[in-house]
Structures are given as structure tokens and as C-alpha cells.
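Close look at the chain arrangement
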Amino acid sequence: MDLDLDDLLTKTSRTFALAIPLLPEPTRRAVSVAYLLFRVADTFEDSTTWPREERLDALETFVELLELSPAERSGEAKRLSAAWLDRPPVEHEGYLELLRELPAVLAQLDELAPAVKQLVVKHTVRTTEGMASVVARADERGNLRLGSVRELKDYCYIVAGIVGELLTEVFLHDSPSLATQQRELEQRMRSFGEGLQLVNILKDAGDDAVDGRVYLPPSVPRAELFALARTDLEDANRYVQALQRGGAPRGFLAFTGLSLVLAFAALDRIEADGAGAKVSRQDVMHLFETLERKLDGGGVLDLR
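In this text, all values refer to a predicted model and were calculated from it rather than measured experimentally. (Residues numbered from 1 in each chain as written. Predicted model: local features only at pLDDT ≥ 70, side-chain atom pairs only at ≥ 80, totals over all residues. Heavy atoms only, no water.)

1. Things to note about the overall build of the protein chain
Stated precisely, the cut-off is as follows: Numbering goes from the N terminus for both helices and strands, where a helix is a DSSP run of H or I of at least four residues and a strand is a run of E of at least two. Just to be clear, the radius of gyration here is over C-alpha atoms, and the globule rule we use is 2.2 Å times residues to the power 0.38. With a 1.4 Å probe rolled over the protein chains alone, any residue whose accessible area is under 20% of its type maximum counts as buried; one over 50% counts as exposed, and the rest are partly exposed. We call two residues contacting when some pair of their heavy atoms lies within 4.5 Å. Residue burial considers only the protein chains on display, and all accessible areas are found by Shrake-Rupley using a 1.4 Å probe. Note on charges: Lys and Arg go in the positive column, Asp and Glu in the negative column, and His and the chain ends are not counted at all. The location of each charge is read from NZ of Lys, CZ of Arg, CG of Asp or CD of Glu.
Within the protein chain, the secondary structure is distributed over 14 helices and two strands. Computed over its C-alpha atoms, the radius of gyration of the protein chain comes to 19 Å, within 12% of the 19 Å expected for a compact globule of 304 residues. Seen along its three principal axes, the alpha-carbon backbone of the protein chain occupies a region of about 50 × 45 × 35 Å. Relative to its 304 residues, the protein chain shows a buried fraction of 53%. Taking the intrachain contacts of the protein chain between residues at least 6 apart in sequence as the baseline, contacts between residues at least 24 apart amount to 77%. About 13,700 Å² of surface is accessible on the protein chain, with carbon and sulfur atoms providing 50% of the total. Between the mean site of the 36 positive side-chain charges and the mean site of the 50 negative ones, the protein chain shows a separation of 4 Å.

2. Concerning the environment of Val121
Mapped onto the secondary structure, Val121 falls in helix α8 (residues 114-135). In the structure, Val121 is positioned 58 residues away from Val63 in sequence and 9.1 Å away in space, judged by C-alpha atoms. Ignoring any residue separated from it by four or fewer positions in sequence, one finds Val121 in contact with Leu66 and Leu109.

3. Some details on the pattern of salt bridges
For clarity, the threshold we go by: Think of a salt bridge as a Lys or Arg side-chain nitrogen and an Asp or Glu carboxyl oxygen that are within 4 Å of each other.
Enumeration over the complete set of coordinates arrives at 29 salt bridges. With a closest N to O distance of 3.6 Å, Arg213 and Asp211 form a salt bridge. The network of salt bridges with common partners includes Asp46, Asp208, Asp211 and Arg213.

4. Quick notes on a negative patch on the surface
Put simply, the test is: In this scheme, patches are assembled from residues that exceed 30% relative accessible area and form no salt bridge. Like charges are connected within 9 Å, while nonpolar side chains (Val, Leu, Ile, Met, Phe, Trp, Tyr) are connected within 5 Å.
Where like charges cluster on the molecular surface, the negative patch consists of Asp57, Glu60, Glu64, Glu67 and Glu129. For the negative patch, the element with the highest residue contribution is helix α4 (residues 52-66), accounting for three residues. If you trace the backbone, Glu129 turns up in helix α8. For Glu129, a relative accessible area of 46% corresponds to the partly exposed category.

5. Observations regarding α4
Just so we agree on the cut-off: By this rule the span expected of a helix is its residue count minus one, scaled by 1.5 Å.
Its 15 residues place the ends of α4 21 Å apart at the C-alpha level, agreeing with the 21 Å of an ideal helix rising 1.5 Å per residue. Among the residues of α4, those classed as buried are Arg52, Arg55, Leu56, Ala58, Leu59, Thr61, Phe62, Val63, Leu65 and Leu66. Looking at the buried positions of α4, the neighbouring elements they touch are α3 (27-45), α5 (70-86), α7 (102-109) and α8.

6. Side note on the packing of α4 against α8
Note the threshold: Lines are fitted to the C-alpha atoms to define the axes, a helix being fitted only along its stretch in contact, and any angle between axes, read from their N-to-C directions, falls within 0 to 180 degrees. If an angle is under 35 degrees, it is roughly parallel; if it is over 145, roughly antiparallel; if it lies from 65 to 115, roughly perpendicular; otherwise it is oblique. By definition, any crossing whose near helix is turned counterclockwise from its far helix by less than a right angle is left-handed, and any crossing with a clockwise turn is right-handed. When residue character is reported, Ala, Val, Leu, Ile, Met, Phe, Trp, Tyr, Cys and Pro are called nonpolar, Asp, Glu, Lys and Arg charged, and the others, Gly included, polar.
The contact between α4 and α8 brings their axes to 9 Å, and the two run at 165°. The pairing of α4 with α8 is recorded here as roughly antiparallel in orientation. Along this stretch, α4 crosses α8, giving a crossing that reads as left-handed. Contact residues: α4 offers Arg52, Arg55, Leu56, Leu59, Phe62, Val63 and Leu66, while α8 offers Val121, Thr124, Val125, Thr128, Glu129, Met131, Ala132 and Val135. Residues of the contact of α4 with α8, tallied by class, amount to ten nonpolar, two polar and three charged.

Rendered as C-alpha cells:
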């Protein structure tokens, strides 16, 4: 039975489960596989049951697994999946199902175009190694506290700026017309990922603190952090406009556009109501309908 990537996305994601299906093939499959592999690394980094050394070992082993040949990887993926589930890193059922399905996700990785597969592996390895460097700074129980805006930005780059780089390289591969906007896209691609991540950090600050992770520097005024997030999202808006100028497929604009309008809406809600505030399902539908009208209108996209 073929792996249902959309079902796994729904069980492991929020925004991206809505946005990724808007992409055209083959980009949709590549981004789905990439997201799920990044989520595996996230699961190890954010483990609520493993101490620091166990998290580091899993992240290192995951990198080694990704770098194996397909023939070598198949059996090893099954063995590691079973071992990780024998002592689960988290309680989240969706993430545990992803670990069970890891061999099938890796099989999907091997079916991607060779150049795209190489991109997905390269950037997943980069972010996994970056996550390991962050976990290594935690105490023995895995508790982590960032102390400056620089540390926060570095963290956002590791877990999301690299995602922006991956997406851009896949977009350029799958839509050659975007070469005319390559410089602009490369200037903005990190902000696209980092802005979305910073909004999530602001939203989840309370839950993260309970789990021993304090990403927001206590000495930095919240107004400064909101301004930083808004600056990143403004830059991300220009990223989407560069995609539009380059003649990107509608699905590229819908995927990036929906992710961005939801981030702007979430940031407004958090700024008004505090950490934990969420955009309602009704508002999500309204934002999606508004985005569709903008895409149909043919004018310059402004997603603020």
C-alpha cells in the first residue's frame, strides 16, 4: 500500500498541511517528503522524554541514515524506527506514526528526481546537524535558554531559514523561468522561513517554557521581538512578489502566499491577545478565499 503523504502531513503539521497540497507536482511531492524529514529531526530535537545525550545520538544517527545509499538505508531505517519507538521521544501520536512510517518516507525520497533528492538530503542534513549544535548547548535534561536576539536569529535560521533555502532551490529547479528572479529570491529566502518560525515561537512560548525551552530572550522587550518578526514577514512578502514576477506557477504563489497570510494574521492575534492565541478556522477559510481572489485578480500580490 502506498504511503499517504497528505495524511501524514495532516497528522504532523498545521499550516503546511494546508499549504503543501496547493503546490503542483512534482514540487508537491518533493516538499512533502522534505517537510516530513525535517519533522523527524524536529521530533528528536524537541523530545520531551529523552535527555540531551539521547537526543544528540538520535540526531547524529539520523544524519548517518540519510547519507546511506538506498540499498543500505532500507533495512537500517526499519531497525532504527523500531528502536526509536521502543523508547518514544514524544507522546504526540502523529509524530510517532511518522517514525513508524520513516522507511516509507525514505522510499519516497529515493523516487524523487536525482537533483531534487540531493537538495532534500543536503538541507535536511544541514538542519539536523544545526539542531544537534543547539541541543548540545542544553543542560543534561535538555533544558535550553537563549540569551540574545543573535542567538534567536541563529536558531530560526537553523530550523527554518534553511527551509527557505531548500524551497527556493527546488522552485528554481522545477520552474526555470524563475532564473530571472534568482538573486532577489536568494536575498529573501531566509526571511521567508525565519519569519514563519519566529511567529510560531511567539505563539508557543508558554508551552515551550513548560517543556524547558525558552527561545525568547527574557531581557529583550516583546515589542522588539514582534518588530523583528514583522520585518521578516515584510521581507517574505517581497519574496512572494519575486516569485510572481518570475512567472512562478500559481501553486507556488498559493503555497507561499497562504503560509504568509496565516503568519501575518497569527502575529496580529498574538500581539493583541498574547502567547497561545490562534487564528480561528473561520478566519483561516476567509484568508484563503481572500488569497484566491488576489491570485485571480492578476495584480501585484500584497499579502500584508
